[in-house]
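Summary of the model geometry
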Amino acid sequence: LCGLATNAEAQDWSLESQLSQKVAYDSNLLLTPTNKVSTFSSVTTPELTLGRVGPTSKFSLYGAFEFSEYFGHSELNTQDQTVKLKTEKQFSERSTVNFDADFIRDTTLTSDQDIDGKFLDRPIRFITWDAKPRWTYLLSPIDQIAWSGSYLATDYSSPEKNDYQYYGTSVDYSHALSELASITGSLSYFQFRPENSSIDYTNIWGGLIGYSYNPTERFKISGNVGLDYSDSKGKGGRKDKSE
């Protein structure tokens, strides 16, 4: 593995670039029980990161373009893309807003199973993207509350895989007992919606209480206890489950 990196800055903006090259051999690329594919591969990945850091804000935009070639199996060659956005804005000493988003265009070249239990004997193209807003507010020097949302969608190019959406929200609270210890709590709700499935959607409710003790920078003790409850709606009606 080799890499080449450069760095250019203008005031508080920065631009970083990197180029990596990897050569590998795989005796069973698709990890299938039969018709194994053995091949050498070459993966070339140019990357760019645009960033900005200000007194009350941060911005980062990352992009990677991966070119994969498989010697003797050109039908497996792919050109994949990844884009990641991270932003942070501090509106006051107490209030901070974050927004993260990802976009991935890739293929499945690993062991995978569809909802019907079939092995995939070929790579399948998929596109997935997600968005995560978050707002954090300091109630006091020792109390903090945060709201976060999440939306994730994945689309496959083959009916062998099920497209799906997963989205929801959560509220988190933390209270500092001392400089070393704190307690936390959270409530969440999410919904999972697969397509072309016997399940229309699944509702998931969750609650969690935790404790953290951090006496040194290298040593930390933490634990959580909680309850999840889910119910699914499908062609056969509802099915409830709690953990």
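Look up: the structure comes first, before these words.
These remarks concern the structure in this document. Bear in mind that the values here come from a model prediction, so they are computed numbers and not experimental data.

**Points about the overall build of the protein**
A tally of regular secondary structure across the protein gives zero helices and 13 strands. When the helices and strands of the protein are listed from N to C terminus, the series reads β-β-β-β-β-β-β-β-β-β-β-β-β. The buried share of the protein, reckoned over its 243 residues, is 28%. Residue pairs in contact within the protein that sit at least 24 positions apart in sequence constitute 44% of those at least 6 positions apart. Summed over all atoms, the accessible surface of the protein reaches about 15800 Å², with 57% contributed by carbon and sulfur.

**Describing the pattern of salt bridges**
Tallying each qualifying case throughout the model produces four salt bridges. Residue aspartate 12 pairs with arginine 52 through a salt bridge whose shortest N-O separation is 3.3 Å. Linking aspartate 12 in the loop between strand E1 (2-10) and strand E2 (13-26) with arginine 52 in strand E3 (residues 39-53), this pair joins segments that are 40 residues apart in sequence. A residue is classified by how much of its surface remains accessible, and aspartate 12, at 28% relative accessible area, is partly exposed. Since its relative accessible area comes to 27%, arginine 52 is described here as partly exposed. With a shortest N-O distance of 2.6 Å, arginine 125 and aspartate 80 are connected by a salt bridge. Of the two residues, arginine 125 sits in strand E7 (residues 125-140) while aspartate 80 sits in strand E5 (residues 78-90), which places them 45 residues apart along the sequence.

**Section: the environment of serine 140**
The topology assignment puts serine 140 in strand E7. Spatially, the C-alpha atoms of serine 140 and arginine 94 are 8.5 Å apart, while their sequence positions differ by 46 residues. Engagement of the side chain of serine 140 in a polar contact is seen with the side chain of aspartate 143, the distance being 2.7 Å.

**Regarding the packing of aromatic side chains**
What the rule picks out here adds up to 10 aromatic pairs. Pairing tyrosine 151 with tyrosine 167 gives two aromatic rings, centres 5.7 Å apart and planes at 20°, and the pair type is stacked. With a gap of 16 residues between them, tyrosine 151 in strand E8 (residues 143-156) and tyrosine 167 in strand E9 (residues 164-176) connect regions that are remote in the sequence. Assessed through its relative accessible area of 27%, tyrosine 151 is described here as partly exposed. Residue classification places tyrosine 167 among the partly exposed positions, given a relative accessible area of 25%. The interplanar angle of 40° and the centroid separation of 5.8 Å between the aromatic rings of tyrosine 164 and phenylalanine 192 together place this pair among those described as tilted. On the criterion of sequence distance, the pair formed by tyrosine 164 in strand E9 and phenylalanine 192 in strand E10 (residues 181-194) is long-range, its members being 28 residues apart. Tyrosine 164 sits in the partly exposed class, given a relative accessible area of 23%.

**A closer look at the layout of surface pockets**
Put simply, the largest pocket is a space of about 370 Å³. Secondary-structure elements contributing two or more residues to the lining of the largest pocket are E2, E3, strand E4 (57-70), E5 and strand E6 (95-107). The leading source of residues in the lining of the largest pocket is E3, at six residues. When the residues that make up the lining of the largest pocket are grouped by side-chain class, the tally is eight nonpolar, eight polar and six charged.

**What about the nonpolar core?**
Among the nonpolar cores identified, the biggest contains six residues, and these are Leu29, Leu30, Val37, Tyr70, Leu76 and Leu109. When sequence neighbours within four positions are dropped, the list of residues in contact with leucine 109 reads Leu29, Leu30, Tyr70 and Pro123.

**Comments concerning the environment of arginine 105**
Among the secondary structure elements, arginine 105 is positioned in strand E6. Residue arginine 105 is classed as partly exposed on the basis of its relative accessible area of 28%. For the pair formed by arginine 105 and glutamate 66, sequence separation is 39 residues and the distance between their alpha carbons is 10.0 Å. The residues contacting arginine 105, other than those within four sequence positions of it, are Gln79, Asp80, Gln81, Arg125, Phe126 and Ile127.

Definitions and limits used
- Residues numbered from 1 in each chain as written.
- Predicted model: local features only at pLDDT ≥ 70, side-chain atom pairs only at ≥ 80, totals over all residues.
- Heavy atoms only, no water.
- Helix = DSSP H or I, 4+ residues; strand = E, 2+ residues; numbered from the N terminus.
- Buried < 20%, exposed > 50% of the residue type's maximum accessible area, 1.4 Å probe, protein only.
- Contact = heavy atoms within 4.5 Å.
- Areas by Shrake-Rupley, 256 points an atom, 1.4 Å probe, with all protein chains shown as cover.
- Salt bridge = Lys/Arg side-chain N within 4 Å of Asp/Glu carboxyl O.
- Polar contact = N/O pair within 3.5 Å; in protein donor to acceptor, adjacent residues only side chain to side chain.
- Phe/Tyr/Trp six-rings, centres within 6.5 Å; stacked < 30°, edge-to-face > 60°.
- 1 Å grid on protein atoms, 1.4 Å probe; cavity = no way out; pocket = protein on both sides within 12 Å on 5 of 7 lines; lining within 4 Å.
- Points joined across faces, edges and corners; volume = space filled by probe spheres on them.
- Nonpolar A, V, L, I, M, F, W, Y, C, P; charged D, E, K, R; others polar.
- Core = buried A, V, L, I, M, F, W, Y, C linked by side-chain atoms within 4.5 Å.

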